[in-house]
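Coordinate analysis (summary)
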Amino acid sequence: MKEFQLIKDVPYEYNADKGLHYSSPCRGMWNIVHYGTLVPGGHQIYVCSTSCLRGVVLTTAEMGAVDKLSTITVAEDNILDGDMEEQVLHGTEKIIESLPQRPRMVMIFISCMHHFMAVNYQRVYKLLRKEYPDIDFVDCYMDPIMRRKSPVMPNIRRQVLRPLQPGAQDMRQVSFVGDCFPMDPETCDLKKHLEENGIRILDLTEMKDYDEMKQMEHSCVNFTFHSEAEKAGKDLELRLGQKWLPMRESYVYDEIEEDMAKACQALGIPAPSKEENELQRDLTEQAAAHCREVLDGTPLAVDSTAVDRPLEFALYLLNHGFEVEAVLVEAITEDEGVFRALQKKKPDLKVYSSLGWNMRIVDRSFDGKIVGIGQKSAYFHDTPYFVNEVENAGMYGFSGIRKMFSLIEEAAGEKKDMETLIQHKGWGCSACE
Amino acid sequence: MSELHVNVFAMTYTADVSGVCSTMYELGGMTVLHDPSGCNSTYTTHDEPRWYNTKSLMYISGLDEMTAIMGDDSVLVRDVKKAAEDLSPRFITLCGSAIPHLIAFDYKGTAHLIEKATGIPVIPVATDGLKLYTSGIGLALREWMKRFADFSLPHEKDTVNLLGVTPIDFSRMEIVEEMKKALEERGFTVNCCAAMGDSFEKLQEICKASVNLVVSSAGMQPAKMLSAKAGIPFVVGTPIGAAFTDQVAQCLREAQADGKSRYAYDASRFQEKEEGEVLVVGEKCASCSLAQAVDGALGREAAFVLSPDVRDGLDEDALVEKMKKADIVIGDPLLRYGIRDPHTKFIALPHEGYSGRIYRKQIPVFTGDAFDVVTFLEGGRPGGSA
């Protein structure tokens, strides 16, 4: 296995989740603990072995949120005695009774072991719901052994919304679901447009109060912006009958306009006019041209931690005359059309997987200056010039693309302390100093 | 029913798997953690200060549901073989977490199959992710020595090995160097430091020592093995402060002379005591050594100790109760959450095995002669920190 392949040699079915995995020092991506702490008044309980607990407890410690998480350690005696249901039940009772404040939601994370021991955890939650009717108990999962069909991050984004029940739908209220970061009206076309049309937007990332979160029951449409949020959108559509509209992180202008039009139609508000769309296209093209000028041929590398659609973004950049050196992806999840177009556009584009075992010994140096879009791009090219963000944070649509261009320009012009920044766990959380 | 093992606020000590990885880090091998996901990033993020700057081959197998259910070990054999062909490690270590334990994964048998397939020595270390790092370090050192140490070497007088040394307990080389210096100043030659700062070849000569010093409870298993297999007695105690280091050195001389292993501190005195002036919370060997040093400095029996159990970790209820019965608590800063009495004085002694990287820069040089216990108790800098 080489550390990279040229895209012309990469099969569309490419998935790096095979073979031994390497863990790079890039820690900006959020994990289940970061996401769980978004719930106001929520408390997380992790039930698993010592080795699994270590990562989650230190995540909360680094965030300064120790009071938001407790643990129940599964030890040998619990496995041998077969009392793992009782352990979850009585352990949770003990934690609730010990907390200084009654939580509104308790997220109980069971682990791989519970599946293999056939633990009837749903029965436990039933008993707990009866015992504590004022608390919403949510079944959550830290079970990476199930990742092929049920990965943990999409799961948690869905599960934290499970307490929502069907309610009367308000045509003037929508929810943004499954995001890690709030959308900014200056960098998100949809948020700006909805606000201008008087639509109330509820977003877990901005909530301070549990009751406000429950108001999401009354939203008439749920919007998602990231592929990992789709489970949440779909689940709410099925359970609550709320319309789900995935807003594609697209770099195809027609698709952005199409999604915006669909959103407006669902809400019965006017879509952006043809003139407005033309203006947005022009502004975005200008931003691309400006960025290209600033970079002056400096190559770029894109990774899947920074954007949801790294291949499409790379194609867009290449089509706009940028130099793209490499993309870093763990699997190809984008449309085959995009993949084939990229193969045709730049057959010698390098494709890396940060999971591959050879990435441990890869020569991280790069001859000349390169700008990384994302932490992994930066680390594997050992460049201090990089866009430090994850999940296309707060960006959507034309204004989102323009924001990305401004971030790239900023990255190209200023060195960052890459070693320190990329090792902070959970970009955008209060990580350790 | 068995224990609930609930921690409302307390952290978790790092696990056996991290102990194995930490031990093998500098020895030129490749370590494979048989686990679905998570253990590797936990170790490399929180427990391994060398990860960014020192390349070492640490990987996770990425065990998935179907492979575990089918018990298909050939997937692991194939994957390790592929990686080994690219990386040519000197040896391979195979350890694992809870799921391999539950499905009764055969470490020894699979290690044999990998060795046959690759021609590279494979060391099976049957961890289960349920125990503390001390267990993992101990098992890893023991298994490595079984395979690679030269047991035919004659013992050299006044030569000592330090056992149980990894960054999980000792964070930086500077802290280890202070221990070595303190022993050398008392007439000993430090042969090996297992396993931090020494090479594969150096560790192969571990049996040259006439006595072993267990400086963390992680060193107990290899010490017992070396005692039984090579006739090297051991002393248990971490050289902390000049006075206690003198006691350790005296014990080393006695052990070397009579061939009998011994403790440099009275563990039962510290652990059975329910209340006192100074409570030391942490890994047993270092905490008891510090307690002994505290008693020595104060000239009275003031200290008592609470340590995590290798299987059950730190008992949070016991922690809160013992903290209530102490005037001063010494421990990792994250233990502060357990203090209920605002008058209790807390002295921070960060421990990588507990709070990971959070307070790494504040870990003082707590070993050797430079560590002044009285200054430390007064809340000052006992011997400097990085």
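These figures come from a predicted structure and were not determined experimentally.

The rules behind each value
- Each residue is numbered by its place in its chain's sequence as written, counting from 1.
- Written order decides the labels, with chains lettered from A and ligands numbered from 1.
- Reporting of local features is limited, given that this is a predicted model, to residues whose pLDDT is at least 70; pairs of side-chain atoms are given and counted only at 80 or more, and all residues count toward the totals for whole chains, interfaces and linings.
- Side-chain measures here rest on the full set of heavy atoms in the structure, leaving out hydrogens and waters.
- Residue contacts are defined here by distance: any two heavy atoms, one from each residue, within 4.5 Å place the two residues in contact.
- Buried area counts how much accessible surface, traced with a 1.4 Å probe, disappears from two parts once they are put together, with both parts' losses summed.
- Any carboxyl oxygen of Asp or Glu within 4 Å of a side-chain nitrogen of Lys or Arg constitutes a salt bridge here.
- Polar contact criterion, stated in full: a pair of N or O atoms within 3.5 Å, where within protein one must be able to donate a hydrogen and the other to accept it, and residues adjacent in sequence count only if both atoms are side-chain atoms.
- Helix and strand labels come from DSSP, where a helix needs a run of H or I of at least four residues and a strand needs a run of E of at least two; each type is numbered from the N terminus.
- Gly falls in the polar group here, along with every residue not listed as nonpolar (Ala, Val, Leu, Ile, Met, Phe, Trp, Tyr, Cys, Pro) or charged (Asp, Glu, Lys, Arg).
- Here the rule is simple: two strands pair whenever DSSP picks up at least two bridges between them.
- For this analysis, a nonpolar core means a set of buried residues of the types Ala, Val, Leu, Ile, Met, Phe, Trp, Tyr and Cys, connected via side-chain atoms within 4.5 Å.
- Each residue's exposure class comes from its accessible area (1.4 Å probe, protein chains only) as a fraction of the maximum for that residue type: buried when under 20%, exposed when over 50%, partly exposed otherwise.
- For helices, the fitted axis covers only the stretch in contact; all axes are lines through C-alpha atoms, and the angles between them, taken along N-to-C directions, range from 0 to 180 degrees.
- Roughly parallel here means an angle under 35 degrees, roughly antiparallel means over 145, roughly perpendicular means 65 to 115, and every remaining angle is called oblique.
- Each patch is assembled from residues with relative accessible area greater than 30% and no salt bridge, linking like charges that lie within 9 Å and nonpolar side chains (Val, Leu, Ile, Met, Phe, Trp, Tyr) that lie within 5 Å.
- Per-residue and other accessible areas were derived by the Shrake-Rupley procedure at a 1.4 Å probe size, with only the shown protein chains allowed to occlude residues.
- Each domain's extent was defined by an automatic or database domain assignment.
- Only four residue types enter the tally: Lys and Arg on the positive side, Asp and Glu on the negative side; His and the chain ends are excluded.
- For this purpose, a charge sits on NZ of Lys, CZ of Arg, CG of Asp or CD of Glu.

**Things to note about the interface of chain B and chain A**
- Facing the 73 residues of chain B at the interface are 66 residues of chain A.
- Taken together, the two surfaces of chain B and chain A that pack against each other cover about 5,700 Å², and 59% of this comes from carbon and sulfur.
- Our enumeration of links across chain B and chain A arrives at five salt bridges.
- Across the salt bridge formed by Asp317(B) and Lys94(A), the nearest N and O atoms sit 2.7 Å from each other.
- Taken together, the connections running from chain B to chain A amount to 40 residue pairs in polar contact (both at pLDDT 80 or more).
- Among the elements of the structure, β1 (6-7), β2 (30-34), α2 (39-47), β3 (57-60), α3 (65-70), α4 (74-87), α5 (98-102) and α16 (352-355) of chain B are those that each provide at least two residues to the side of chain B that touches chain A.
- The element that contributes the greatest number of residues to the side of chain B that touches chain A is α2(B), accounting for eight residues.
- For the side of chain B that touches chain A, the residue count by class is 35 nonpolar, 23 polar and 15 charged.
- For strand β3 (residues 69-73) of chain A and β1(B), the ladder comprises two bridges, and the chain directions are antiparallel. Its bridge partner lying in β1(B), Ile72(A) is registered against Val6(B).

**Some points on the nonpolar core**
- One finds Tyr46(A), Met30(B), Trp144(B), Ile206(B) and Ile330(B) to be the most contacted residues of the largest nonpolar core, which totals 226 residues.
- Residue contacts for Ile206(B): discarding those within four places in its chain leaves Met145(B), Ala149(B), Asn161(B), Leu163(B), Asn191(B), Cys192(B), Ala194(B), Leu226(B) and Ile232(B).
- Grouped together as the second largest cluster of nonpolar side chains are 66 residues, Val10(A), Leu194(A), Val327(A) and Ala412(A) included.

**What about the packing of helix α11 (residues 253-267) of chain A against helix α16 (residues 397-413) of chain A?**
Residue and element names in this part refer to chain A.
- Between α11 and α16, whose axes approach to 9 Å, the crossing angle comes to 135 degrees. Taken as axis vectors, α11 and α16 run oblique relative to one another. Taking contact as the criterion, the partners of Tyr 253, Ile 256 and Glu 257 in α11 are, on α16, Gly 397, Phe 398 and Ile 401.
- Looking at the contact of α11 with α16, its residues break down into four nonpolar, one polar and one charged.

**Considerations on the side chain of Glu178(B)**
- Position of Glu178(B) relative to the elements: it lies in helix α9 (residues 173-184).
- Residue classification places Glu178(B) among the buried residues on the basis of a relative accessible area of 17%.

**Focus on a nonpolar patch on the surface**
All names here are of chain B.
- Together, Met 66, Ile 69 and Met 70 make up an exposed nonpolar region whose accessible area comes to about 340 Å².
- Mapped onto the elements of the fold, Ile 69 is located in helix α3.
- On the accessibility criterion, Ile 69 (51% relative accessible area) is exposed.

**Notes on the domain arrangement of chain B**
Residue and element names in this part refer to chain B.
- Taken as a whole, chain B is organised into domain 1 (16-146), domain 2 (150-263) and domain 3 (267-377).
- Its C-alpha centre places domain 2 at a distance of 24 Å from the equivalent point of domain 3.
- Taken together, the contacts link 27 residues of domain 2 with 21 residues of domain 3.
- Summed over both partners, the interface of domain 2 with domain 3 buries about 1,900 Å², with 59% contributed by carbon and sulfur atoms.
- Inspection of the domain 2/domain 3 interface yields one salt bridge.
- With its nearest N and O atoms 2.6 Å apart, the salt bridge here joins Arg 186 to Asp 369.
- On inspection of domain 2 and its partner domain 3, the count reaches eleven residue pairs in polar contact (both at pLDDT 80 or more).
- Here the side of domain 2 that touches domain 3 takes five residues from α9, the largest share from any one element.
- Here the residues of the side of domain 2 that touches domain 3 are counted per class, giving 13 nonpolar, eight polar and six charged.

**Describing the domain arrangement of chain A**
- In terms of domains, chain A is made up of domain 1 (4-22 + 288-423), domain 2 (39-159) and domain 3 (170-274).
- On a C-alpha basis, the centroid separation for the pair domain 1 of chain A and domain 2 of chain A is 36 Å.

**Some thoughts on a negative patch on the surface**
- Residues Glu275(A), Glu278(A), Asp282(A) and Glu285(A) make up a contiguous surface patch of negative charge.
- Here Glu275(A) shows up in helix α12 (residues 274-295).

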